[in-house]
Amino acid sequence: MKNLVVANPQAQARSENDVALSDLLFDDVASGEAYGIEILVNKQLSNDWFGWASIAYSKTERKNPLTAEAFNSEFDLPWVANLVLDYKWNDHWQVGAKWRFQSGRRYTPVLSAQPYKETGSQNALFYIPKYSEFNSSQWSNYHRLDIRADYKTQLYGFDANLYFEVLNVYASRAVQELEYNQYYSEFEKDYQFPDMPLPSIGITINF
């Protein structure tokens, strides 16, 4: 990958007398690479059930020539596994489940923060966070189970499918981002949707 967009550190200067407004805020000079391997096993419908399983390992890296840094992408998920099973109960009912596992997302933790004050002011206008090494930390692994039941029927003379579904059956949580307070001293975790069991009912009609 080439021409990836990164922030220009020369334009990020923050001090009372030095705000580099003339420099480009971003530049498309970074590069990266991604590679991996995946194994997939698939079972066609027979004996009233079908399914598939996959496991993949991948690696993504980025290089920023403006800061001479090499780092892992935010979306670098080394391990991803999926297991899908469906069973045809009879001519009307079909039930299934999907289980997914993936490595935790990478993130950059905040180490501390410094107050920014205008000349002559005693109160901080805002706080400037000091970050650790970019994407140096990683959340714990994430896994989730979804289940679904389909009922095939006819509605007003048309083929129809009524389904019942529950996403994230056992309420697994994956952190999406951190929401810090203005001092960067505390944070709340924002979780990937859905972060609790989510039941739903739907219908499709073919005409």
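Worth saying up front: this structure is predicted, and the values here are computed from it rather than measured.

Student: Sorry if this is basic, but what is going on with the overall build of the protein chain here?
Tutor: The helix and strand tally for the protein chain stands at zero helices and 15 strands. Relative to its length of 207 residues, the protein chain is extended, with a C-alpha radius of gyration of 25 Å against a globular reference of 17 Å. If you line up the protein chain on its principal axes, its C-alpha atoms span 75 × 40 × 35 Å. Across the 207 residues in the protein chain, those meeting the buried criterion constitute 26%. Within the protein chain, contacts between residues at least 6 apart in sequence are counted, and of these 54% link residues at least 24 apart. Put simply, the protein chain shows about 14500 Å² of open surface, and 54% of that area lies on carbon and sulfur atoms.

Student: Please clarify how a negative patch on the surface should be interpreted in this entry.
Tutor: A cluster of acidic residues, E177, E179, E186 and E188, forms a negative patch at the surface. Relative to the elements of secondary structure, E188 occurs in strand β14 (residues 187-191). A relative accessible area of 56% places E188 in the exposed class.

Student: For this particular structure, what's the right way to read the pattern of salt bridges?
Tutor: A side chain of one charge can pair with a side chain of the opposite charge when the charged atoms of the two come close. Applying the stated criterion to the full structure yields five salt bridges. The salt bridge involving R148 is made with D150; its shortest N-O contact spans 3.0 Å. When its relative accessible area of 12% is taken as the criterion, D150 is described as buried. R148 serves as the salt-bridge partner of E165, at 4.0 Å between the closest nitrogen and oxygen. Of this pair, E165 sits in strand β12 (residues 158-167) while R148 sits in strand β11 (residues 142-155), placing them 17 residues apart in sequence. Residues joined by salt bridges that share partners form a network here, namely K59, D76 and R106.

Student: I keep staring at the packing of aromatic side chains and nothing clicks. Help me out?
Tutor: Here a ring pair, both rings aromatic, is described through the centre-centre distance and the interplanar angle of the planes. What the rule picks out here adds up to twelve aromatic pairs. Seen from their ring centres, W93 and Y151 are 4.9 Å apart, and the 50° between their planes marks the pair as tilted. Taken as a pair, W93 in strand β6 (residues 93-102) and Y151 in strand β11 lie far apart in primary sequence, 58 residues in all. Look at Y107 and W139: their rings are 4.1 Å apart centre to centre, the planes differ by 15°, and that puts the pair in the stacked class. Highlighted residues: Y107 in strand β7 (residues 106-107) and W139 in the loop between β10 (137-138) and β11, separated in sequence by 32 residues.

Student: Looking at this structure, how should I read unusual backbone geometry?
Tutor: Where the residue is not glycine, phi is negative for most of them; where a peptide bond is considered, it is trans in most cases. The omega torsion across F193 and P194 is -5°, close enough to zero to call that bond cis. For P194, the location among the structural elements is in the loop between β14 and β15 (198-206). In the Ramachandran plot, N3 falls in the positive-phi region, its phi being about 55° despite a non-glycine side chain. Turning to its location among the elements, N3 is positioned in the segment before β1 (4-7). Judged by relative accessible area, which is 53%, N3 ranks as exposed.

Student: When you look at the side chain of Q102 in this model, what are you seeing that I'm missing?
Tutor: Position of Q102 among the secondary structure elements: in strand β6. Judged by relative accessible area, which is 9%, Q102 ranks as buried. Polar side-chain contacts of Q102 include one of 3.1 Å to the side chain of R100. Among residues more than four places away in sequence, those in contact with Q102 are L77, W79, V80, N141 and Y142.

Student: Got a minute to help me understand the layout of surface pockets in this structure?
Tutor: Take a probe with the size of a water molecule and roll it over the atoms, and the empty space left behind shows itself. In this model, the largest pocket occupies a volume close to 970 Å³. Taken together, the elements giving at least two residues each to the lining of the largest pocket come down to β1, β4 (69-72), β7, β9 (126-131) and β13 (175-180). The leading source of residues in the lining of the largest pocket is β13, at five residues.

Procedures and definitions
- Residues numbered from 1 in each chain as written.
- Predicted model: local features only at pLDDT ≥ 70, side-chain atom pairs only at ≥ 80, totals over all residues.
- Heavy atoms only, no water.
- Helix = DSSP H or I, 4+ residues; strand = E, 2+ residues; numbered from the N terminus.
- Rg over C-alpha atoms; globule rule 2.2 N^0.38 Å.
- Buried < 20%, exposed > 50% of the residue type's maximum accessible area, 1.4 Å probe, protein only.
- Contact = heavy atoms within 4.5 Å.
- Areas by Shrake-Rupley, 256 points an atom, 1.4 Å probe, with all protein chains shown as cover.
- Patch = residues over 30% accessible without salt bridge, like charges linked within 9 Å, V, L, I, M, F, W, Y side chains within 5 Å.
- Salt bridge = Lys/Arg side-chain N within 4 Å of Asp/Glu carboxyl O.
- Lys, Arg positive; Asp, Glu negative; His and termini not counted.
- Charge placed at Lys NZ, Arg CZ, Asp CG, Glu CD.
- Phe/Tyr/Trp six-rings, centres within 6.5 Å; stacked < 30°, edge-to-face > 60°.
- Polar contact = N/O pair within 3.5 Å; in protein donor to acceptor, adjacent residues only side chain to side chain.
- 1 Å grid on protein atoms, 1.4 Å probe; cavity = no way out; pocket = protein on both sides within 12 Å on 5 of 7 lines; lining within 4 Å.
- Points joined across faces, edges and corners; volume = space filled by probe spheres on them.

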